[in-house]
Every structure is written in C-alpha cells, then in structure tokens.
Amino acid sequence: MKILKFSLLLFIAAATFTSCSKDDNDEGGTSDTFIKFTAEGTNYNFSDIITAEGSNITFNGNNGSSLMDPGDMQISVWVPKTYEEGTHAITDDFAADYTIAFTADALGYDFDFAEQGSIVITKKTADYVEGTFSATVVSGDDATKSIAISNGSFRALTIQE
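Residues numbered from 1 in each chain as written. Predicted model: local features only at pLDDT ≥ 70, side-chain atom pairs only at ≥ 80, totals over all residues. Heavy atoms only, no water.

Student: Which residues make up the pairing of strand E7 (residues 99-104), and what are the values?
Tutor: In the case of a regular strand, side chains alternate between the two sheet surfaces. When you tally the buried positions in E7, you get six out of six residues, the bulk of the element. Of the two faces of E7, the one lined by Thr99, Ala101 and Thr103 and the one lined by Ile100, Phe102 and Ala104 are each fully buried. Here six bridges tie strand E5 (residues 73-79) to E7, and the two strands are oriented antiparallel to one another. Looking at E7, one finds that glutamine 74 is bridged to threonine 103. Alignment of E7 against strand E8 (residues 109-124), held across three bridges, turns out to be antiparallel. Within E8, the position partnered with alanine 104 by the bridge is tyrosine 109. Taking the residues that link successive antiparallel strands as the turn, the E7-E8 hairpin has four residues, and the phi of glycine 108 there is positive, at about 85°. (Buried < 20%, exposed > 50% of the residue type's maximum accessible area, 1.4 Å probe, protein only. Helix = DSSP H or I, 4+ residues; strand = E, 2+ residues; numbered from the N terminus. Pairing = 2+ DSSP bridges.)

Laid out in structure tokens, this is it:
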C-alpha cells in the first residue's frame, strides 16, 4: 500500500509540474488562492494553492515551502475535469470524482482518502473555483483512527484549456 501511495504522490507531482495553472499577474509569490480547514481543533490556512490536472483536477495545499518541500501536512481537494456548482458527496476511492486526500505526518496520516463528507462548489468562473468541504479521514495504517476535517474552504485557479 505504501508503494501505491508513493506512486500516487509522484503522479500528482508530475501532473502538477506539467499542467499547473498560474496567475500571470502573480508577482512576488503573493496569491489570492487558499485552502483553509480545521483538524483536531487547529485551524490551518494554506496559500498559493497548486492546481493540477491528471485524471481529475486537484487543488493542493501544504504547510511547507514548496511542492518539493511539502512540510508535514498536505491536503488535496479532488474534483472531476467537468465539475459543476453544487454539493457533491465524497467517496474514498482513488478513482472517485470528488474526494479529499490528507497527509499529516505528526498525526499519523500518510496520504489517506476521506471516507465520507462533501465538497460544495459555490462559484466557478473562467479564472477561479471556490467552495467549501468537510470530511472524515481514516488512517490507512490504523483503521480505528480517524480525523474530522471541518470548516473547509478553498479558492483555486482553474485549469485553462
């Protein structure tokens, strides 16, 4: 399972470098993109979100300095290539249309998918997608361990065709 997770992470990294969406007016590394959420009673706010396209579109945030140095916590909001505004149920399948992938080394989560929850796309424009989310993630290493992710919100760049 670790090999599958590592392979998946490499796929996301490769997709990110080959199909990132970037704001042409982004000078000095300041961006108005973010992923915010609460986990274990702590609020997180990741900025400069990376949008990547593979079999799905992912909005990726982390508390490190870059994709190659992601820190000890990462979250990815997965939507299909043809996403629409509205409420979408999360499923815990790599091939799912809507899901959340979560890594938190210090909390014992190693690229685990949410088992339940929802992603709500509230606004979709030519440049940005905005929404909210909540999820419950169960550790792939310890099925008795779960974490609730609440108060989730995001604003990310869309993929430009």
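Student: If you had to explain unusual backbone geometry to someone new, which residues and values would you point to?
Tutor: Look at glutamate 40: it is not a glycine, yet its phi comes out positive at around 55°. Its place among the elements puts glutamate 40 in the loop between strand E1 (34-39) and strand E2 (42-47). For aspartate 48, which is not a glycine, the phi torsion comes out positive at approximately 55°.

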